[in-house]
Amino acid sequence: MVGLFFSSSMLALTGFATIGIFLLLIITKRLSVITALVLVPLVMGFVAGIQPKELGEMMLAGIKQVAPTGILLMFAVLYFATMLDAGLFDPIIAGIVRYVQGDPLKVIVGTAILTMIVHLDGDGTATFMIVLSAFLPVYRRLGIRKTVLPGIVALSVGPLHLVPWSGTSARAISTLKTEANLLFNPNIPAIAAGICWVLFVAYWLGKQERKRIGIQPLDYVHHENLTESQRQLRRPKLIIVNALLTIGLLVSLIKGWVPTSVLFVVAAMLALLINYPKLADQQKVLKGHGTNIFMVSGMIFAAGVFSGILTGAKMIDAMATSLVSLIPEQHASLLPTLTAITSMPASLLFTPDAYYFGVVPILSQTATQFGIDPLEIGRAALLGQMTVGFPVSPLTASTFLLVGLADVELGEHQKFTIKWALGTTLVMTLAALLTGSISI
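The sections below set out a description of the structure shown in this document. (Residues numbered from 1 in each chain as written. Predicted model: local features only at pLDDT ≥ 70, side-chain atom pairs only at ≥ 80, totals over all residues. Heavy atoms only, no water.)

What to know about the overall build of the protein chain
Next, step 1: In terms of helices and strands, the protein chain carries 20 helices and zero strands.
Next, step 2: For 440 residues, the compact-globule formula gives about 22 Å, and the C-alpha radius of gyration of the protein chain, at 22 Å, lands near that figure.
Next, step 3: Seen along its three principal axes, the alpha-carbon backbone of the protein chain occupies a region of about 75 × 50 × 40 Å.
Next, step 4: Taking the intrachain contacts of the protein chain between residues at least 6 apart in sequence as the baseline, contacts between residues at least 24 apart amount to 82%.
Next, step 5: Just so you have it, the protein chain exposes about 18600 Å², and 68% of that area is on carbon and sulfur atoms. (Helix = DSSP H or I, 4+ residues; strand = E, 2+ residues; numbered from the N terminus. Rg over C-alpha atoms; globule rule 2.2 N^0.38 Å. Contact = heavy atoms within 4.5 Å. Areas by Shrake-Rupley, 256 points an atom, 1.4 Å probe, with all protein chains shown as cover.)

Shown next as structure tokens:
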């Protein structure tokens with residue numbers, strides 16, 4: 001039991017202190033996210049007077065809660081990494097680059113479409129590397145403004161980053177202890193609206209560049225830039241099989257026919273077996289992506305420890321209660337909408353771990369106090385926080401990869417992109433309100 005002398009207000013204070021220390025340590029890079037997720041609540045649990053055995057039970061309960069999400073993320077990353085290795089997206093890249101040559105409007109719209117397709121894997125780093133390697137020579141050859149390429153790529157990954165297997169969505173699913181389809185499916189109309197907005201922005205920017213530099217003939221050159229090891233893993237003869245497998249996976253995911261984590265376990269194993277029947281090739285793929293898989297899934301299990309202690313010690317309940325006292329009841333219904341509107345700018349202030357493991361639990365508990373479905377908070381947060389916002393945030397490594405590959409300063413990139421990214425979140429928020437994903 002929590003120490004006898006710890007009142008609700010003291011528990012709330014301890015909870016806020018836990019989150020504040022956690023944010024401080026990861027923002028200042030004093031500790032890694034995984035380390036802070038485990039050690040900070042553990043120390044604060046002792047401060048709150050919780051016995052070691054009880055802390056252990058809380059931690060284990062938290063790990064059990066996030067286990068399905070950790071498994072989902074682990075095998076989803078493996079599945080799409082396998083598809084990238086096998087070359088599923090190679091013909092799409094080649095076809096788009098051939099089609100758009102010479103016309104800035106087609107180039108920019110084509111960049112947006114390709115980015116969205118490639119980003120189905122939810123991996124920003126891989127998307128940035130693939131798209132920029134395909135299009136950077138074309139942009140330079142045509143003389144398109146250098147901020148346009150990283151800007152349109154950043155915008156294009158935003159709506160697609162709401163897919164359930166992205167790291168951001170996985171955090172939201174884990175925090176709210178829900179199924180992927182309950183967060184994802186209601187947001188599908190909002191995602192579609194976001195995609196339409198991004199394509200409109202791409203068209204608008206393309207028209208401007210076409211007017212500025214005109215249409216220039218450009219001979220197609222296939223920029224593959226693969227290493228010998230990557231070429232050995234390509235499976236061009238299996239593209240149709242892989243495409244059908246991926247389409248079947250996505251349909252099953254949206255329909256909710258099979259639990260999401262089980263679906264990806266089976267799909268990843270089928271993908272490995274179909275593309276790499278030889279054990280040596282399977283091991284090469286697993287070793288090649290093992291570090292990334294461990295980092296993302298390990299973080300989820302560490303998050304289980306964090307949420308397990310805060311929940312088991314009733315700190316989140318106490319924090320929510322204290323926040324409820326500050327919110328006028330007549331304005332409580334605006335909480336999901338306010339969460340959505342502020343979600344993109346919040347990416348500049350909070351890492352995804354800090355926001356989804358620190359802020360969302362408090363907001364969701366507060367919503368519950370007012371009779372609002374806590375899942376609405378998750379859906380609202382995903383409309384911008386480290387989805388639309390992650391490619392402009394200085395708190396994510398992939399942002400620096402994007403601007404580094406494009407040879408653009410971060411400040412220039414943010415100045416060009418943030419206004420359009422905020423537009424994406426506002427458009428998706430409106431769609432979410434109109435379709436009932438979030439309420440007002």
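What about the pattern of salt bridges?
Next, step 1: As enumerated under the stated definition, the model contains six salt bridges in all.
Next, step 2: Close ionic contact of Arg-235 with Asp-281 constitutes a salt bridge, the shortest N to O distance being 3.3 Å. In this pair, Arg-235 is assigned in the loop between helix H11 (228–233) and helix H12 (239–255) and Asp-281 in helix H14 (residues 279–312), connecting sequence segments 46 residues apart.
Next, step 3: When its relative accessible area of 17% is taken as the criterion, Asp-281 is described as buried.
Next, step 4: Shared partners join several salt bridges into a network, and the residues in it are Arg-145, Glu-209 and Arg-212. (Salt bridge = Lys/Arg side-chain N within 4 Å of Asp/Glu carboxyl O. Buried < 20%, exposed > 50% of the residue type's maximum accessible area, 1.4 Å probe, protein only.)

Re the packing of helix H2 (residues 33–47) against helix H3 (residues 52–86)
Next, step 1: Put simply, H2 and H3 touch, their axes get as near as 10 Å, and they point 145° apart. By crossing handedness, the relation of H2 to H3 is classed as right-handed. Of the residues in H3, those touching H2 at Leu-42, Gly-45 and Phe-46 are Pro-52, Leu-55 and Met-59.
Next, step 2: Within the contact of H2 with H3, the residues separate by chemical class into five nonpolar, one polar and no charged. (Axes fitted to C-alpha atoms, helices over the stretch in contact; angles between N-to-C directions. Left-handed = near helix turned anticlockwise from the far one by under 90°. Nonpolar A, V, L, I, M, F, W, Y, C, P; charged D, E, K, R; others polar.)

Looking at the side chain of Asp-85
Next, step 1: Tracing the sequence through the fold places Asp-85 in helix H3.
Next, step 2: One buried charged residue, Asp-85, remains without a salt bridge, the closest side chain of opposite sign being Arg-234 at 5.1 Å.
Next, step 3: Polar contacts involving the side chain of Asp-85 include one to the side chain of His-289, which spans 2.7 Å. (Lys, Arg positive; Asp, Glu negative; His and termini not counted. Polar contact = N/O pair within 3.5 Å; in protein donor to acceptor, adjacent residues only side chain to side chain.)

Observations concerning the nonpolar core
Next, step 1: Formed by 98 residues in total, the largest nonpolar core has its most connected members in Tyr-79, Phe-135, Tyr-139, Ile-152 and Phe-264.
Next, step 2: Sorting elements by how many residues they give to this core places helix H6 (residues 124–142) first, with eleven residues.
Next, step 3: Ala-12, Met-44, Leu-55 and Phe-306 belong to the second-largest nonpolar core, a separate cluster that totals 35 residues. (Core = buried A, V, L, I, M, F, W, Y, C linked by side-chain atoms within 4.5 Å.)

Some points on a nonpolar patch on the surface
Next, step 1: A surface patch of nonpolar side chains, amounting to about 980 Å² of accessible area, comprises Ile-240, Val-241, Leu-244, Ile-247, Val-251, Trp-257, Val-258, Val-262, Val-266, Leu-270 and Ile-274.
Next, step 2: The element contributing the most residues to the nonpolar patch is H12, with five residues.
Next, step 3: Its place among the elements puts Ile-240 in helix H12.
Next, step 4: The exposure class of Ile-240 is exposed, given its relative accessible area of 65%. (Patch = residues over 30% accessible without salt bridge, like charges linked within 9 Å, V, L, I, M, F, W, Y side chains within 5 Å.)

Overview of helix H13 (residues 260–275)
Next, step 1: Under the 1.5 Å per step criterion, the end-to-end length of H13 is 22 Å for 16 residues, consistent within 8% with the ideal 22 Å.
Next, step 2: Among the residues making up H13, those that are buried are Thr-260, Ser-261, Leu-263, Phe-264, Ala-267, Ala-268, Ala-271, Leu-272 and Asn-275. Looking straight down H13, one finds that the buried residues subtend no more than 155° of arc, so they occupy a single side.
Next, step 3: Looking at the buried residues of H13, the elements they touch are H3, helix H9 (180–184), H12 and H14. (Expected span 1.5 Å × (residues − 1). Arc of directions from axis to C-beta.)

Comments concerning the packing of helix H7 (residues 148–160) against helix H10 (residues 188–213)
Next, step 1: In the contact formed by H7 and H10, the axes pass within 8 Å of each other and the chain directions differ by 165°. Classified by the angle their axes make, H7 and H10 are roughly antiparallel. H10 is crossed by H7, and the crossing has left-handed handedness. Note on element contacts: H10 touches H7 through Ile-191, Gly-194, Ile-195, Val-198, Val-201, Ala-202 and Leu-205, opposite Ile-152, Leu-155, Ser-156, Pro-159 and Leu-160. (Parallel < 35°, antiparallel > 145°, perpendicular 65-115°, else oblique.)

As far as function goes, none of this settles anything; it's purely spatial.
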